[in-house]
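# A closer look at the structure
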Amino acid sequence: MAARIGLVKQLHCALLKTKLSALSAGIRRCSALSNSESHKEFTSKRVRRKFIEFFKEGYEHRFVPSSAVRPRGDATLLFVNAGMNQVEACAMAWSLLTEEYGIPADRLYISYFSGDAVNGLPADEETRQIWLSMGVRLDHVLPFGMKDNFWEMGETGPCGPCTEIHYDHIGNRNAASLVNADSPDVVEIWNLVFMQYNREVNGNLRPLPQCSVDTGMGLERLVTVLQGKRSNYDTDLFTPLLSAIHQCSKAPAYQGRTGEADVGQVDMAYRVVADHIRTLCVCIADGVYPGMTGAELVLRRILRRAVRFSTEVLQAPEGALASLVPTVAHILGEAYPELHIESERIMDLINQNEVQFLSSLKQGRRVIDRTLSNMDKDSTVFPASVAWSLHRNLGFPLDLIDLMLEEKGKMVDKKEMTVLENEYEKLRFQSEEDNGNRVDQLDLHSLAELQSQGVPYTDDSQKYCYSLGSDGQYVFQPCRASVLALYCDGSLVSEVSEGQRCGVILDRTSFYAEQGGQAHDQGFFTKDGLQDVLFPVKSVRLAGGYVVHQVTAAETLRTGDQVQLHLDEASRLGCMVKHTTTHLLNFALRELLGPSVNQRGSHCTASRLRFDFSVKGSLSVSELQQVEELVQHVIRQNAEVHVEEVPLSKAKQITGLRTIDEVYPDPVRVVSVAVPVSDLLNSNTTEQASVELCCGTHLLRTGAIRDFVIVSERQMVNGISRILAVTGDEAKKARETGQALQEELESLAVQVGAASSLSIPAAQMLSKEVGLLMNAVEITPIPQWQRRELQTRLKAMQKTSNTTIRKLEIKEAAFKAKELLVKHSNKRVVVDLIQTESISVLMKTVLQLSKSTPDSMVMLLSHLQLSGKVLCACQVPKGSASGSAIKWAHSVCARLGGNADGSTDVAKGVGNAASLTDITDILHWAEEFAQNKIRKAS
């Protein structure tokens, strides 16, 4: 291993030494350069072009277009966080910096790894000698420890010692003491990482089976140096953007202030908005949209932070953020042409999300105000559960909640908030841990060991070996295999015992490993000689060319054993049905809505399919019906599904081909419905067809789908919709259930229409039935178009029902108020007991009576004898000096062990009374309370 590491560094060293003589001259020549001479030449675009040309022309490197910021094939990584995720060999760093860019060598300092005794790592003397042999001054080559010169991207994964190039902005001095000291005057501009180790889950460092040299160079920092600036924000990568922000805001122009000098954080807001709009543009162009999980959640928070600083600090109008997109495209579009192509869509998404967030802010403020009004006025602690709900559900920033509460003299219960945050993190960590503890995830070293032992990759071609029998049923070919390797407890073993969970690698398999949005197959193994002992297969996944079956051993299993694979054919067929249906759905959506519809994700299981796609707003009832009909039309045709492997370059020439942002193999499987692939390749057809690149297992004919129903369609985030659909018997059941709910609605509609003749309790019961049906329609799997229609009618019925109840309550209240007016005419205080179970009727009666006796203080109680509950409602004349309605109601209800809320004019509350005597007593007490207030006022 040490020899291998040395070989990598020697190769690196050799590449550097080929330029040694030129570099030495360059060091002397560059030291004498006037730095200001180069500032005018180096626009950011020219800096980028020169970097690319240097490697293309000088070293015959191949230029590869920029990768997307979303990593492909690695769900554990939210974003590609640096160039270090892709190996380029950049041993020519010094030559590029000093010769091509003309940076004086005496302003450059080199840091290298000084070793670490705790981890048993020696100092990287080899790298030190490389730099010294190139002519770098001894006092410019500096040792540093793990913190500064050992590169690790995360808690686990590839890592290693690194060597960095730092630049001194001041010059004409020895700035060695400022290297890696967080000084703004001495900054890192280049990093070379020697990938030698893998950080294991237990924290240990394990040598990598294959080493490499990775590089990272900061474009913004380099441009800052070459343009003679002290801040990235003063370069042409940012100045046009800062100017555009100023033009659309009410804030003074950007002045570059920081800390206490930046009064009101205005300049900080400029920097936040500029940084965030660049991030938003690049991410959205690469297919990452603001959402609720993973990278999407990160982007959502970035967007909302930008909106806050734009609208609250810079006082820019709504829509200002999106107006910056063309400026970003102008600055970065040469390197990222997709910014020009996608600019309108980026602006639409930002605008939509801004409107949604500003609406959420208003809603959140209302929730906070309502919660504060219901709190004890003496309490200063705001419930953390409400704050957490605002944060998680509405995306309300926690720091904004703190600021709003601080203005009102309140604060969030920090202890309770910590508990909620910990519970959330625990659940998230548990999910990640469960995922990480899967025994079918081969580690890097085990993969290398399998390859070094010559273990061949798994032949999984038999997953495609099935046919239609004469009876129309699918026939799956049997599969026998040899156990080539067993993976248990993080290492390869030759044997596992009964009860052990392990990963099994076979020479061949008929099981489908989870990929391409299709769930893995299920089933079991049997071992030769033990036909009655089943080895259930929990999951099947791909790992570096090997198919790993996660199995719990039911008996001893050894490498070399012969096994028979038993596929769960019903589950496989269900997945085939759903996957082929997904292709038809994708085709139908684009046929109906146009080519702007793009797939954004999918997942097929035996029971249902999920399909995410880009679209403005939710589909209408008509569109949902048309999509279903288009899919059903192809099902009724019983069209043949054609599959053929073709070279990737030829496949991409097929008209109407649907692809997603994935890395495809070459050759690639082309799946076409109804039209042979050969016809598509030769352009022998004008027929529109569903044609996609796909590794999944598919039906041979579409008739086996039988039926198709979309049971859910909703916008996950602005611009991205998700469809859930079922097929076959589940689709039929959904239709039948929808019809049953339709009939129930029709029956209920007749009753609602005649509700005006009912009593209040009967009308309230009918309203409750409408609500229950609304809930059933919301959660029951039925056709989504029908759900929308039923919901529209039910909302109208609910409104009608509520109006009927309100009219009945007003009628009853008017009758009771008339009786009370006769009984209590000309009294300054009216306190009485009436019979009603509705607080609404009680309050309406109080209001009616007060309208007739505007100078009277009125309080009415109602005793619900079965429960013992007492309802209370009161009103006092506006501007009365006799007292407050809320104080009156609160005092009465408090004596009954209850509480009240309201205003100085009107209030209501609830308490409890065991007997009629208690009611009589409280009526006298309430009247005396009011009389005392009147006497004091007079």
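Reading guide: rules and limits
Throughout this document, residue positions are counted from 1 along each chain, in the order its sequence is written. In view of the model being predicted, local features appear only for residues whose pLDDT reaches at least 70, and side-chain atom pairs are presented and counted only at 80 or more, with totals across whole chains, interfaces and linings using the full set of residues. Excluding hydrogens and water, the side-chain values take into account all heavy atoms of the structure. We count a stretch as a helix when DSSP gives it H or I for four or more residues in a row; a strand needs E for two or more, and each element gets its number in order from the N terminus. Think of it in three bands: with a 1.4 Å probe and only protein chains considered, a residue is buried below 20% of the maximum accessible area for its type, exposed above 50%, and partly exposed in between. We call two residues in contact when some of their heavy atoms are within 4.5 Å. The method behind every accessible area is Shrake-Rupley, applied with a 1.4 Å probe, and residues are considered shielded solely by the protein chains displayed. UniProt positions are given in the numbering used here, feature names are shortened, and annotations may be inferred rather than shown by experiment. Strands pair, by our definition, only if DSSP identifies at least two bridges between them. Every axis corresponds to a line fitted to the C-alpha atoms, with the helix fit spanning only the stretch in contact, and the corresponding angles, defined between N-to-C directions, vary from 0 to 180 degrees. Residues enter a nonpolar core if they are buried and are Ala, Val, Leu, Ile, Met, Phe, Trp, Tyr or Cys, with the set joined through side-chain atoms within 4.5 Å. Within this scheme the basic residues Lys and Arg register as positive and the acidic residues Asp and Glu register as negative, but His and the chain ends are omitted. We define a salt bridge as a contact between a side-chain nitrogen of Lys or Arg and a carboxyl oxygen of Asp or Glu at a distance within 4 Å. The term polar contact refers here to a pair of N or O atoms within 3.5 Å; inside protein, the definition further demands a hydrogen-donor-capable atom paired with an acceptor-capable atom, and it admits residues adjacent in sequence only when both atoms are side-chain atoms. Any helix carries an expected span of 1.5 Å times its number of residues minus one.

Further remarks concern the overall build of the chain. When its secondary structure is counted, the chain shows 28 helices and 31 strands. Across its three principal directions, the C-alpha atoms of the chain cover 115 × 85 × 60 Å. Evaluated residue by residue, the chain yields a buried proportion of 48% over its 938 residues. Residue pairs at least 24 apart in sequence account for 69% of intrachain contacts in the chain once pairs closer than 6 positions are excluded. For the chain, the exposed area adds up to about 45200 Å²; of that, 51% sits on carbon and sulfur atoms.

It is worth spelling out the UniProt feature "binding site: Zn(2+)" (unreviewed entry) in the chain at this point. Within the UniProt annotation, "binding site: Zn(2+)" (unreviewed entry) is assigned to His579, His583, Cys694 and His698. The largest pairwise C-alpha distance within this set of annotated residues, which runs over 120 residues, is 9.8 Å, so the set is compact in three dimensions. Position of histidine 583 among the secondary structure elements: in helix α19 (residues 569–593). A relative accessible area of 3% means that histidine 583 is categorised as buried. Apart from residues no more than four positions distant in its own chain, histidine 583 is found in contact with Val671, Ser690, Glu692, Cys694 and His698. Within the secondary structure layout, histidine 698 lies in the loop between β24 (691–693) and β25 (708–717). The contacts of histidine 698, once residues within four sequence positions are left out, are Tyr466, Met576, His579, Thr580, His583, Val641 and Val671.

The two faces of the sheet receive side chains in turn, since in a regular strand these alternate between them. The buried fraction of strand β15 (residues 523–527) is high, at four of five residues. Where β15 meets strand β19 (residues 562–567), five bridges bridge the pair, whose relative direction is antiparallel. Residue pairing in the sheet places phenylalanine 525 in a bridge with leucine 565 of β19. As paired strands, β15 and strand β16 (residues 530–543) are joined by five bridges and run antiparallel to one another. In the strand pairing of β16, lysine 527 is matched with leucine 530.

The next thing to look at is the sheet that holds strand β29 (residues 869–875). The five strands are arranged β27-β28-β29-β31-β30 in an open sheet whose pairing can be described as mixed. One side of each edge strand has no neighbouring strand; the edge strands of this open sheet are β27 (829–833) and β30 (899–902). Ignoring strand direction, the axes of neighbouring strands in this sheet form an average angle of 15°. Bridging between β29 and strand β31 (residues 906–912) involves seven bridges; their strand directions are antiparallel.

Tyr101, Ile165, Ile277 and Ile350 are the most contacted members of the largest nonpolar core, which totals 101 residues. No other element matches helix α10 (residues 266–285), which puts 13 residues into this core. Discounting residues that sit within four places of it in the chain, isoleucine 350 has contacts with Ile277, Leu280, Ile284, Leu303, Leu321, Ala322 and Val325. Cys488, Phe525, Val577 and Phe613 belong to the second largest nonpolar core, which has 54 residues in total.

Attention now moves to the pairing of β25. Among the 10 residues of β25, seven are classified as buried, and the element is accordingly described as predominantly covered. Strand direction decides the pairing type here: β25 and strand β26 (residues 720–727), joined by eight bridges, are antiparallel. The residue of β26 that forms the bridge with valine 709 is valine 726. Count of turn residues in the β25/β26 antiparallel hairpin: two residues, of which glycine 719 carries a positive phi of about 95°.

Our focus in this paragraph is the side chain of aspartate 443. Inspection of the secondary structure puts aspartate 443 in the loop between α17 (414–436) and α18 (444–452). Buried charge without a salt bridge: aspartate 443, with arginine 206 as the nearest opposite-charge side chain at an N-O distance of 4.0 Å. Looking at aspartate 443, its side chain comes within polar contact range of the main-chain nitrogen of histidine 445, at 2.9 Å. When sequence neighbours within four positions are dropped, the list of residues in contact with aspartate 443 reads Arg206, Tyr487 and Gly490.

Per the counting criterion, the structure on display carries 34 salt bridges. As a salt-bridge pair, arginine 128 and glutamate 125 come within 3.6 Å of each other at their nearest N and O atoms. A residue pair is termed a helical-turn pair when its members lie 3 or 4 positions apart in one helix, as arginine 128 and glutamate 125 do in helix α6 (residues 125–133) at three residues. As a salt-bridge pair, arginine 508 and aspartate 507 come within 3.3 Å of each other at their nearest N and O atoms. The network of salt bridges with shared partners includes Arg308, Glu312 and Arg365.

Here the focus is the environment of threonine 737. Among the structural elements, threonine 737 can be located in helix α23 (residues 728–753). Taking relative accessible area as the criterion, threonine 737 reaches 23% and is therefore assigned partly exposed. Distance in space between the C-alpha atoms of threonine 737 and proline 783 is 9.0 Å, their sequence separation being 46 residues. If near-sequence neighbours (up to four positions away) are discounted, threonine 737 is found in contact with Thr780, Pro781 and Ile782.

Helix length check: helix α26 (residues 839–852), at 14 residues, gives a terminal C-alpha distance of 20 Å against a target of 20 Å (1.5 Å per residue), a fit within 8%. Considered for burial, the residues of α26 that qualify are Val841, Leu842, Met843, Thr845, Val846, Leu849 and Ser850. Those residues of α26 that are buried are in contact with α24 (760–779), α25 (784–823), β27, β28 (857–864), β29 and β31. Looking at where α26 begins, the residue whose side-chain oxygen comes 3.2 Å from the main-chain nitrogen of serine 840 is serine 838.

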